[in-house]
Amino acid sequence: MAWSVAGHPPPLQITADGVATFLTGGHNILLGVQPARARSSARTVVPAGATLLLYTDGLVESRNQGIDNGMTRLRRHAISHQHLPLTELCARLARDLGDERDDITLIAARTPTPRAHEHDTR
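Enquirer: For this particular structure, what's the right way to read the overall build of the chain?
Expert: Helix and strand content of the chain: two helices and six strands. The linear arrangement of helices and strands in the chain, starting from the amino end, is β-β-β-β-β-α-α-β. Once the C-alpha set of the chain is aligned to its principal axes, its extents read approximately 55 × 35 × 20 Å. Looking at the chain as a whole, 34% of its 122 residues are labelled buried. Once local pairs closer than 6 in sequence are excluded, the contacts in the chain between residues at least 24 apart make up 63%. Just so you have it, the chain exposes about 7,700 Å², and 53% of that area is on carbon and sulfur atoms.

Quick look at the structure:
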């Protein structure tokens, strides 16, 4: 996966075994500020069965909560609910973590897990 961040918090990757990591790199200035400026990106290999979350700061920051505390809460919540279908996961995170006074955008994707017969070497 390749990504570029232009003012939003970093993507969160949760592996199938429950390890949550904020992906680093690919930080840029806000879109449109210097349109001719080259943009950097970062890359990683996303493991099978991993869930990726891309979100706006309305999910993790509010007048009553700093961004560091919000990101810690997001990591914990995402790990504990990673088994949910993506639609339900997004709804749960938005409901439990978001601030109704701010806009929230949340995008989730999950990589497929290999089927057992795909590993059969007979």
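Enquirer: Just checking my understanding: could you explain the pattern of salt bridges for this structure?
Expert: Pairing is possible between side chains of opposite charge, provided their charged atoms come close. The full count for this structure, using the stated rule, is one salt bridge. Residue arginine 95 pairs with aspartate 96 through a salt bridge whose shortest N-O separation is 3.0 Å. Taking relative accessible area as the criterion, aspartate 96 reaches 27% and is therefore assigned partly exposed.

Here is what the cut-offs are and how they apply
Residues numbered from 1 in each chain as written. Predicted model: local features only at pLDDT ≥ 70, side-chain atom pairs only at ≥ 80, totals over all residues. Heavy atoms only, no water. Helix = DSSP H or I, 4+ residues; strand = E, 2+ residues; numbered from the N terminus. Buried < 20%, exposed > 50% of the residue type's maximum accessible area, 1.4 Å probe, protein only. Contact = heavy atoms within 4.5 Å. Areas by Shrake-Rupley, 256 points an atom, 1.4 Å probe, with all protein chains shown as cover. Salt bridge = Lys/Arg side-chain N within 4 Å of Asp/Glu carboxyl O.

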